[in-house]
Amino acid sequence: MMISPTIKKLIFSTLPILFLTLTACSNQQQRQFNPFDNSIFTREQTQNDLLPAPDFTLETMEGTSFTLSEQKGKIVILNIWATWCAPCREEIPDFMEIQEEMEEHLLFVGVSVDEKGWDVVVPFAEEFEINYPIVLDDGTVSEKYGPIMGIPMSFIINEEGDVAYVIPGMIRKELLQRTLEEMIAENQITEK
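The notes below deal with the structure included here. (Residues numbered from 1 in each chain as written. Predicted model: local features only at pLDDT ≥ 70, side-chain atom pairs only at ≥ 80, totals over all residues. Heavy atoms only, no water.)

## What about the overall build of the protein chain?
What counts is decided by this rule: Secondary structure elements follow DSSP: runs of H or I of four or more residues count as helices, runs of E of two or more count as strands, with numbering from the N terminus. When accessible area is computed with a 1.4 Å probe and restricted to protein chains, residues below 20% of their type maximum are described as buried, those above 50% as exposed, and intermediate ones as partly exposed. Throughout, the Shrake-Rupley method with a 1.4 Å probe supplies accessible areas, and for residues the shown protein chains are the sole cover considered.
Within the protein chain one finds five helices and eight strands. Along the protein chain, from the amino end to the carboxyl end, the secondary structure elements read α-β-β-β-β-α-β-α-β-α-β-β-α. Relative to its full complement of 192 residues, the protein chain shows a buried share of 42%. Carbon together with sulfur atoms contributes 54% to the accessible area of the protein chain, which is approximately 11,400 Å² in total.

Below is the structure:
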């Protein structure tokens, strides 16, 4: 079937307008958590745009409970990772350094999505001497923070418990550290 050039022009000229119309219409009150709303690589949100981080409780490698909502007052970097993921393995030493340097203000938590569970996570964490809590996702975090389209994926949660940034993929130490330092400085200014 042949489509005339006039019809083609009409179709291709109206598609972008239709797309913008359909995607621009949203009800702010019905907005739900979307992990890509606050992507560190797309845009910074104002305080009014931030959404509360979905709460969860999971068991740590040491057998204690980790509950996200109990961490309010600190910046939490929620890192979704796996032992077999090369970029995950590469960023862990940077996370450990930042955790050590800035532990007064923040806390990393590693959420492993390894299908083999603690059998592979514990030896890995012990070998790397990871200095922050490690939990094993039972599907709770993936469900609440999804869609998780790939790992590593990190969420920076501010002191109030809101998702400030989403980092799809690996992040370099310099960018992460600068972002965290800015968040700490902003918080210290607002506390005064």
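## Section: helix H2 (residues 86-102)
To be explicit about the condition: Each residue after the first adds 1.5 Å to the expected span of a helix. A residue's bend is simply the angle between two axes: one fitted to the seven residues ending at it, one to the seven starting at it.
Given a rise of 1.5 Å per residue, 17 residues ought to cover 24 Å, and the 25 Å separating the end C-alpha atoms of H2 matches this to within 8%. Largest kink in H2: about 25 degrees, centred on Ile92, with the proline Pro93 one to four residues after it. Within the sequence span of H2, burial applies to Cys88, Glu91, Ile92, Phe95, Met96, Ile98, Gln99 and Met102.

## Some remarks on the side chain of Ser154
What counts here: Definition of a polar contact: a pair of N or O atoms within 3.5 Å, with one able to donate and the other able to accept a hydrogen when the atoms are protein atoms, and with sequence-neighbouring residues admitted only if both atoms are side-chain atoms. What makes two residues a contact is simply this: any of their non-hydrogen atoms within 4.5 Å.
Counting through the fold element by element, Ser154 comes out in strand S7 (residues 153-157). Within the structure, Ser154 has its side chain in polar contact with the side chain of Asn79 (distance 2.8 Å). Apart from the residues within four sequence positions on either side, Ser154 is in contact with Ile77, Leu78, Asn79, Phe95, Tyr165, Val166 and Ile167.

## Some remarks on helix H3 (residues 118-128)
Selection rule: Think of the arc as the fan of directions from the helix axis to the C-beta atoms.
When we look at burial in H3, the residues that qualify are Val121, Phe124 and Ala125. The buried residues of H3 all sit within an arc of 95 degrees when viewed along its axis, so they share a single face. In H3, those exposed residues whose orientation departs by more than 90 degrees from the buried face are Asp119, Glu126 and Glu127. For H3, the secondary structure elements touched by its buried residues are strand S4 (75-81), H2, strand S5 (106-112) and strand S6 (134-136). Where H3 ends, the next residue or the one after it, Glu129, has phi of about 55 degrees, a positive value.

## A look at the environment of Ser154
Judged by its relative accessible area of 1%, Ser154 is buried. As for Ser154 and Ile167, which are separated by 13 residues in sequence, their C-alpha atoms are 4.9 Å apart.

## Examining the nonpolar core
Soluble globular proteins: nonpolar side chains tend toward being buried together. For clarity, the threshold we go by: Only buried Ala, Val, Leu, Ile, Met, Phe, Trp, Tyr and Cys residues count toward a nonpolar core, and they belong to the same one when joined by side-chain atoms within 4.5 Å.
Counting residues in each nonpolar core, the largest one holds 29 residues, and the members touching the most others are Ile156, Leu176 and Leu180. Secondary structure elements with two or more residues in this core: S4, H2, S5, H3, S6, strand S8 (162-168) and helix H5 (173-191). A per-element tally of this core places H2 first, with six residues. The residues touching Leu180, leaving out its near neighbours within four places in the chain, are Ile75, Ile77, Ile98, Met102, Leu106 and Ile156. Counting residues in hydrophobic clusters, the runner-up holds 19 residues, among them Val109, Met153, Val163 and Val166.

## Observations concerning the packing of aromatic side chains
Here is the rule we go by: Side-chain rings of Phe, Tyr and Trp (the six-membered ring for Trp) are treated as a pair once their centres are within 6.5 Å; stacked means planes under 30 degrees apart, edge-to-face means over 60, and tilted covers the remaining angles.
Taken as a whole and assessed by the stated rule, the structure comprises seven aromatic pairs. A centroid spacing of 4.8 Å and a plane angle of 25 degrees characterise the contact between Phe95 and Phe108, whose relative ring orientation is stacked. Linking Phe95 in helix H2 with Phe108 in strand S5, this pair joins segments that are 13 residues apart in sequence. As far as burial versus exposure is concerned, Phe95 and Phe108 are alike and both buried. Following the ring pairs from residue to residue traces out a cluster consisting of Phe56, Phe66, Tyr145 and Phe155.

These values are about where atoms sit, not about what they do.
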